[in-house]
Amino acid sequence: DAGVTQSPTHLIKTRGQQVTLRCSPISGHKSVSWYQQVLGQGPQFIFQYYEKEERGRGNFPDRFSARQFPNYSSELNVNALLLGDSALYLCASTAAPDRGIWPQHFGDGTRLSIL
Amino acid sequence: KQEVTQIPAALSVPEGENLVLNCSFTDSAIYNLQWFRQDPGKGLTSLLLIQSSQREQTSGRLNASLDKSSGRSTLYIAASQPGDSATYLCAVRTTGTASKLTFGTGTRLQVTL
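For clarity, every value in this text was computed on a predicted model and none was experimentally measured.

1. Some points on the overall build of chain A
Secondary structure summary: chain A contains zero helices and 11 strands in total. In chain A, the succession of α and β elements from N to C terminus is β-β-β-β-β-β-β-β-β-β-β. In summary, chain A has a C-alpha radius of gyration of 13 Å against a globular reference of 13 Å for 115 residues, a match within 12%. Oriented by its inertia axes, the alpha-carbon framework of chain A measures out at about 40 × 25 × 25 Å.

2. A few points about the sheet that holds strand 6 (residues 56–59) of chain B
All names here are of chain B. Spatial strand order, 1-3-8-7-6: five strands in an open sheet with antiparallel pairing. In this open sheet, the two strands that pair with only one neighbour each are strand 1 (4–7) and strand 6. Within the sheet, the average angular offset between the axes of one strand and its neighbour, ignoring direction, is 15 degrees. Of the strand pairs in this sheet, strand 7 (residues 62–67) and strand 8 (residues 72–77) are connected by six bridges, and their pairing is antiparallel. Across the sheet, the residue bridging to Asn 63 is Tyr 76, located in strand 8.

3. Observations regarding the nonpolar core
One finds Phe 25, Leu 33, Trp 35, Leu 75, Ile 77, Tyr 88 and Leu 109 of chain B to be the most contacted residues of the largest nonpolar core, which totals 22 residues. Mapped onto this core, the elements with two or more residues apiece are strand 3 (19–25), strand 4 (30–38), strand 5 (44–51), strand 7, strand 8, strand 9 (86–94) and strand 11 (107–112) of chain B. When sequence neighbours within four positions are dropped, the list of residues in contact with Phe 25 of chain B reads Gln 2, Glu 3, Val 4, Ile 30, Leu 33, Leu 66, Asp 67, Lys 68, Gly 71, Arg 72 and Val 92 of chain B. Counting residues in each nonpolar core, the second largest holds 21 residues, with Val 19, Phe 60, Ala 66 and Tyr 89 of chain A among its members.

4. Thoughts on the pattern of salt bridges
All names here are of chain A. In this structure the tally under the stated criterion is eight salt bridges over all chains. Of the charged contacts in the structure, one is a salt bridge between Glu 51 and Lys 30, with a shortest N-O distance of 3.5 Å. In this pair, Glu 51 sits in the loop between strand 5 (44–50) and strand 6 (53–57) while Lys 30 sits in the loop between strand 3 (19–24) and strand 4 (31–37), placing the two residues 21 residues apart along the sequence. Here Lys 30 falls in the partly exposed class, since its relative accessible area comes to 32%. Residues Lys 52 and Glu 51 are paired through a salt bridge, measuring 4.0 Å at the closest nitrogen-oxygen approach. By relative accessible area, which is 28% here, Glu 51 ends up partly exposed. Residues participating in the shared-partner salt-bridge network are Arg 22, Arg 67 and Glu 75.

5. Some points on the interface of chain B and chain A
Contact residues are listed per partner, giving 21 residues for chain B and 27 residues for chain A. Across the interface of chain B and chain A, roughly 1,700 Å² is buried in total on both sides, 53% from carbon and sulfur atoms. Among the residues chain B hides against chain A, the three largest losses belong to Leu 44, Ser 99 and Phe 103 of chain B. Together they make up 26% of the total. Of all the secondary structure elements, the ones that give two or more residues to the side of chain B that touches chain A are strand 4, strand 5, strand 9 and strand 10 (101–103) of chain B.

6. A closer look at empty space enclosed by the protein
Here the structure, examined in full by the defined rule, presents one cavity of 30 Å³ or more. The calculated volume of the largest cavity comes to roughly 50 Å³. A breakdown of the residues in the lining of the largest cavity according to their chemical character gives four nonpolar, five polar and two charged.

7. Notes on the state of the cysteines
Following the criterion strictly, the structure yields two disulfides over all chains and no others. The disulfide bridge from Cys 23 of chain A ends at Cys 91 of chain A, spanning 1.8 Å between sulfur atoms. Because the sign of the S-S torsion sets the handedness, a value of about -65 degrees for the bond joining Cys 23 of chain A and Cys 91 of chain A places this disulfide among the left-handed ones. Of this pair, Cys 23 of chain A sits in strand 3 while Cys 91 of chain A is found in strand 9 (residues 87–94), placing the two residues 68 residues apart along the sequence. Exposure class is identical for Cys 23 of chain A and Cys 91 of chain A. Each is buried. Across the disulfide, Cys 23 of chain B is cross-linked to Cys 90 of chain B (sulfur-sulfur distance 1.9 Å).

Here is what the cut-offs are and how they apply
- Residues numbered from 1 in each chain as written.
- Chains lettered and ligands numbered in written order.
- Predicted model: local features only at pLDDT ≥ 70, side-chain atom pairs only at ≥ 80, totals over all residues.
- Heavy atoms only, no water.
- Helix = DSSP H or I, 4+ residues; strand = E, 2+ residues; numbered from the N terminus.
- Rg over C-alpha atoms; globule rule 2.2 N^0.38 Å.
- Pairing = 2+ DSSP bridges.
- Axes fitted to C-alpha atoms, helices over the stretch in contact; angles between N-to-C directions.
- Core = buried A, V, L, I, M, F, W, Y, C linked by side-chain atoms within 4.5 Å.
- Buried < 20%, exposed > 50% of the residue type's maximum accessible area, 1.4 Å probe, protein only.
- Contact = heavy atoms within 4.5 Å.
- Salt bridge = Lys/Arg side-chain N within 4 Å of Asp/Glu carboxyl O.
- Buried area = accessible area lost by both parts, 1.4 Å probe.
- 1 Å grid on protein atoms, 1.4 Å probe; cavity = no way out; pocket = protein on both sides within 12 Å on 5 of 7 lines; lining within 4 Å.
- Points joined across faces, edges and corners; volume = space filled by probe spheres on them.
- Nonpolar A, V, L, I, M, F, W, Y, C, P; charged D, E, K, R; others polar.
- Disulfide = S-S within 2.5 Å.

Structure representation (structure tokens):
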């Protein structure tokens, strides 16, 4: 079975531009979460979506937005890019977020570089 | 606010040695704790998940323990191999925070020949 898939794998943008990152969860998983990982740090939570509704939001500015589609795939949008947005963006999926027994599975991420 | 700390930040051991990685967290109201492995430039691979009601979990050469009341977890790796070289991250899911995971900054492990 396919794991969590993310696209693109790498992306280079300039300051002020906008970017859209995509994520497909593991088949049967209805919850998707997004994380930002800056070099040398642990991932930081950005958003969680479950059944197409936002369930949680981390401490990120309004330039960051996301949505989940009927097939449970998700997009993360970042507007007005800043140099500090350069990071590895990770997507995670889980079967049932309200149950503590299910692990979260991560994709390989999108490496975003801002020039 | 949940905070997760991992010690040591880096570790180098010769092949065959047994080792322990440590993780501590400040808020004991957790659903579960998950250990991950991350290879350079890659995503996270889930290794073990311990529910809040459990004390330990085992998978092959890996054993993870959880002491929720003291806010500690350890990951024990037996008979280390060069292929174990990676960064190991622990993450906790705190109650009342949806599926949000709070991560430590990781332990970078190098296993030498």
